[in-house]
Amino acid sequence: MHEMSLVQGLFEQLKGLAAENNSTKVLSVTMEIGPICGVVVDSFQFGFEILSSQEEMFKNTELIIEIPEVTYTCTSCGHQEVSAGERPDACAKCDEFFLTPSGGDDLILKRVEME
Ligand SMILES: [Zn+2]
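So, here is what we can say about the structure in this document. Since the structure is predicted, the reported quantities are computational estimates derived from the model, not experimental observations.

1. Quick look at the coordination of the zinc ion
- Taken together, the protein donors to the zinc ion comprise Cys74 (SG), Cys77 (SG), Cys91 (SG) and Cys94 (SG), at separations of 2.3 to 2.4 Å.
- Sequence spacing among the residues donating to the zinc ion works out to C-x2-C-x13-C-x2-C.

This is the structure:
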């Protein structure tokens, strides 16, 4: 489960930010997880729960996850479909299977609240 190491990396980043701001507690973290970036949201949340319970700084941290929309463009007819969830199976217009996604492949730390 590589989500665990992603959460570890996130915590390292947050500790750095907290040190810069003289903060000792992280109240909330907003992550943007692209639906095609390869991260399983449930696993990420699970990893976050496990690891945050082990550190005072992250004990009551709220994890907010935002899933951005992805635009899929049909390679055959150019029809575009926007989806924030599952990848469409085929083009709604011409049934072509090959759709090119744009966006949605990033894992981004969007907002952090500290005190
Ligand atoms: Zn099409």
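2. Focus on the sheet that holds strand 4 (residues 80-83)
- The strand order across the open sheet built from three strands is 4-3-5, with neighbouring strands paired in antiparallel fashion. Looking at which strands have only one partner, the edges of the open sheet turn out to be strand 4 and strand 5 (99-102). With strand direction ignored, the average angle separating the axes of adjacent strands in the sheet is 25°.
- In this structure, strand 3 (residues 70-74) lies alongside strand 4, joined through four bridges in antiparallel fashion. Note on strand 4: the bridge partner recorded for valine 70 is serine 83.

3. Observations concerning the packing of aromatic side chains
- Within this structure, the stated rule accounts for two aromatic pairs.
- Seen in terms of ring centroids, phenylalanine 11 and phenylalanine 48 are 5.3 Å apart; in terms of plane orientation they differ by 75°. Their pairing is edge-to-face. Note that phenylalanine 11 is positioned in helix 1 (residues 3-20) and phenylalanine 48 in helix 2 (residues 41-52), a separation of 37 residues in sequence. Considered together, phenylalanine 11 and phenylalanine 48 belong to a single accessibility category, that of buried residues.
- Considering the side-chain rings of phenylalanine 11 and phenylalanine 58, the 4.0 Å spacing of their centres and the 15° angle between planes classify their relative orientation as stacked. Of this pair, phenylalanine 11 sits in helix 1 while phenylalanine 58 sits in the loop between helix 2 and strand 2 (62-66), placing them 47 residues apart in sequence.
- Assessed through its relative accessible area of 2%, phenylalanine 11 is described here as buried.
- Look at phenylalanine 58 and you get buried, because its relative accessible area is 0%.
- Through pairs of rings, three or more aromatic residues link up here, namely Phe11, Phe48 and Phe58.

Cut-offs used in this document
Residues numbered from 1 in each chain as written. Predicted model: local features only at pLDDT ≥ 70, side-chain atom pairs only at ≥ 80, totals over all residues. Heavy atoms only, no water. Donors = N, O, S within 2.8 Å, 3.2 Å for Na, K, Ca; no water. Pairing = 2+ DSSP bridges. Helix = DSSP H or I, 4+ residues; strand = E, 2+ residues; numbered from the N terminus. Axes fitted to C-alpha atoms, helices over the stretch in contact; angles between N-to-C directions. Phe/Tyr/Trp six-rings, centres within 6.5 Å; stacked < 30°, edge-to-face > 60°. Buried < 20%, exposed > 50% of the residue type's maximum accessible area, 1.4 Å probe, protein only.

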